[in-house]
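Now for the letters of each chain:
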Amino acid sequence: MAGDIGNAEGIAMDLSAKDLGIGDRPVSAVAVLFTDQQVAGLRFAQDRGVPYVNISPGIIELGPEVAAYIHRPDASAVVLGTEWLVGATSVPAMAAATAFGHVEDIRIGALLDEEDAFGPAAEADLERQTQVLAAALERREGSFAWRTGEATTSRFRSVDGTEMEASALSPNDLLGLSMATGAPNVRFDLAIGVSSSRRAGEPLSAEILIELSGTDPQGKPLAMRFAVVHPGGQMPLTGLGVAMVLESLTGLGGQAPIRPGLYFPCQLLDAETYFARLRHIGGSIVDLEPEGKSNKTVSMEHLVADVRSAA
């Protein structure tokens, strides 16, 4: 893989070694894309004073990384990166929230095509977070609560309107969106099945259905529903998010490198740049009719255009 990429080197990692087997090679940032139960990658990043992002730990597994940061807060920037597809959900949702005076409900439905192949590390993460963990977090009427038992099952409509059976999931988007928007009701559901594009005889796609409701700045009811779609499945969006987080952390985009601190990806990703890169890699945002009735709806496509104009 390193040979195919070029300007890269493959190294056999040793997580029990202080230098991880990297030796004295210069390192500018650390990205961990698998379950690192030893928190070895973060310890290494802190020792080297370089920024760090991990996209594996679930909400109930954040403790070790948060504790490592608390004990050495000035060592490096630490990104808790387990947002769904690393920004593909949180960045558009937070951009959409700017059209509201008050956001009351945020509902997210992620659809993975059952033929969307991914590696063993990602498969282990998904199995752990959907089968091993018996509960999923949501925000309900302003309080954080655990969905258990029958409350973990639900349904949502995909891009083509097909109703999908889904299970509760709680990636970090749930925490970030709750705190950033103040919405008292936030929930996330995951469905694995046939994507809308494959049902239409086309290649599979990744779909993220995002719906917000509340009031506009004048206090009138407002709703928005849209989908983030990529015909290449989940991996291009995940790769885009990780690459842009690393770019932000290290200052490769021309801005100053991110200072030591504790972050979610959505805090580091510029919406205008993200939407431009999303289009560049073949992704799109599709406006959909909100579920139920509302006196007013707003187009996400127009909002994206407004973000570009403001920038």
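Residue indices begin from 1 for each chain and proceed along its sequence in written order. Side-chain atom pairs in this predicted model are given and counted only at pLDDT of 80 or more, local residue features only at pLDDT of at least 70, and totals for whole chains, interfaces and linings cover all residues. Only hydrogens and water are set aside when side-chain values are computed; all heavy atoms of the structure are taken into account.

Some thoughts on the overall build of the protein chain
When you go through the protein chain residue by residue, the secondary structure sums to 10 helices and 13 strands. Burial classes follow relative accessibility: with a 1.4 Å probe on protein chains only, a residue under 20% of its type's maximum area counts as buried, one over 50% as exposed, and anything between as partly exposed. Residues counted as buried form 49% of the 311 residues belonging to the protein chain. For this analysis, residues touch if any pair of their heavy atoms sits within 4.5 Å. At a minimum sequence separation of 6, the contacts of the protein chain that also span at least 24 residues come to 70%. For this count, His and the chain ends are skipped, Lys and Arg are scored as positive, and Asp and Glu as negative. To locate a charge, take NZ of a lysine, CZ of an arginine, CG of an aspartate or CD of a glutamate. Averaging the locations of the 23 positively and 40 negatively charged side chains of the protein chain gives two centres separated by 4 Å. The helix count covers DSSP runs of H or I at least four residues long, the strand count covers runs of E at least two residues long, and both are numbered beginning at the N terminus.

Here's the deal with the sheet that holds strand β12 (residues 261-263)
Note on pairing: two strands pair once DSSP finds at least 2 bridges between them. Strand order across the open sheet formed by 4 strands is β1-β2-β3-β12, with parallel pairing between neighbours. Both edges of this open sheet fall to β1 (30-32) and β12, since each of them pairs with a single strand only. Going from strand to strand, the sheet's axes swing by 15 degrees on average, the running direction of each strand aside. Here 3 bridges tie strand β3 (residues 77-80) to β12, and the two strands are oriented parallel to one another. Looking across to β12, one finds that Val78 is bridged to Leu262. Orientation is described by axes fitted as lines to C-alpha atoms, over the contacting stretch for helices, and by angles from 0 to 180 degrees between their N-to-C directions. Set on the sheet, helix α2 (residues 40-48) makes contact with β1, β2 (52-54) and β3; between it and β1 the angle comes to about 175 degrees.

A word on the environment of Ala145
Relative to the helices and strands, Ala145 resides in strand β6 (residues 143-147). Taking C-alpha positions, Ala145 is 9.6 Å from Ala135, a pair spaced 10 residues apart along the chain. If we ignore the near neighbours within four places in the chain, the residues touching Ala145 are Ala136, Leu137, Glu138 and Arg140.

Digging into the environment of Gly261
Mapped onto the elements of the fold, Gly261 is located in strand β12. Ignoring anything within four residues of it in the chain, the contact list for Gly261 reads Tyr69, Pro73, Ser76, Ala77 and Val78.

Some remarks on the pattern of salt bridges
For this document, the term salt bridge refers to a Lys or Arg side-chain nitrogen within 4 Å of an Asp or Glu carboxyl oxygen. Applying the stated rule across the entire model yields 17 salt bridges. One salt bridge connects Arg198 with Glu114, and the closest N-O pair in it is separated by 3.3 Å. Residue Arg198 is found in helix α7 (residues 196-199), and its partner Glu114 is found in the loop between β4 (102-113) and α5 (120-132); the two are separated by 84 residues along the sequence. The network of salt bridges with common partners includes Asp113, Glu114, Glu115 and Arg198.

Let's talk about the pairing of β3
Side chains of β3 alternate between two faces, with Ala77 and Val79 and Val78 and Leu80 buried alike. Two strands pair when backbone bridges link them, and β2 and β3 are joined in this way by 3 bridges, in the parallel orientation. Its bridge partner being in β3, Tyr52 is matched across the sheet by Val78. One crossover worth recording links β2 to the parallel β3 by way of helix α3 (residues 63-71), and it is right-handed. Orient the strands so they point away from the viewer; a crossover is then right-handed if the path from the first strand over the helix to the second runs clockwise.

Details of the nonpolar core
Nonpolar core, defined: a set of buried Ala, Val, Leu, Ile, Met, Phe, Trp, Tyr and Cys residues in which side-chain atoms within 4.5 Å join the residues together. Among the nonpolar cores identified, the biggest contains 74 residues, and Trp84, Leu212, Phe226, Tyr274 and Met300 are the most heavily contacted of them. Broken down by element, the residue count for this core peaks at 6 residues, all from helix α8 (residues 234-250). In this structure, Leu212 is in contact with Ala93, Ala96, Ala97, Phe100, Val103, Asp105, Ile106, Leu222, Ala223, Met224 and Phe226, ignoring residues within four places of it in sequence. Core analysis: the second largest hydrophobic core is formed by 9 residues, Leu111, Ala166, Ala191 and Leu288 among them.

Some points on the packing of α8 against helix α9 (residues 271-280)
Orientation of α8 relative to α9, taken along the N-to-C sense of each, is 140 degrees, at an axis distance of 11 Å. The angle between α8 and α9 places the two elements in the oblique class. Both α8 and α9 take part in a crossing whose hand is right-handed. Across the interface between the two elements, Leu237, Leu240, Met244 and Glu247 of α8 pack against Thr273, Tyr274, Arg277 and Leu278 of α9. The nonpolar class holds Ala, Val, Leu, Ile, Met, Phe, Trp, Tyr, Cys and Pro. Asp, Glu, Lys and Arg form the charged class, and all remaining residues, Gly among them, are polar. When its residues are assigned to classes, the contact of α8 with α9 shows 5 nonpolar, 1 polar and 2 charged. Small angles under 35 degrees read as roughly parallel and large ones over 145 as roughly antiparallel, with 65 to 115 read as roughly perpendicular and the rest as oblique. Should the near helix be turned counterclockwise from the far one by less than a right angle, the crossing is left-handed, whereas a clockwise turn marks it as right-handed.

Focus: the side chain of His230
Within the element layout of this structure, His230 appears in strand β11 (residues 221-230). Judged by relative accessible area, His230 falls into the buried class, the value being 5%. In this structure the side chain of His230 is engaged in a polar contact, spanning 2.8 Å, whose partner is the backbone nitrogen of Gly232. For the purposes of these results, a polar contact is taken to be a pair of N or O atoms within 3.5 Å, where, inside protein, one atom must be able to donate a hydrogen and its partner to accept one; residues adjacent in sequence count only when each atom of the pair is a side-chain atom. Within the local environment of His230, its side chain forms a polar contact with the backbone oxygen of Ile281, the two atoms lying 2.7 Å apart. The residues touching His230, leaving out its near neighbours within four places in the chain, are Ser205, Ala206, Pro236, Leu237, Ile281, Gly282 and Gly283.

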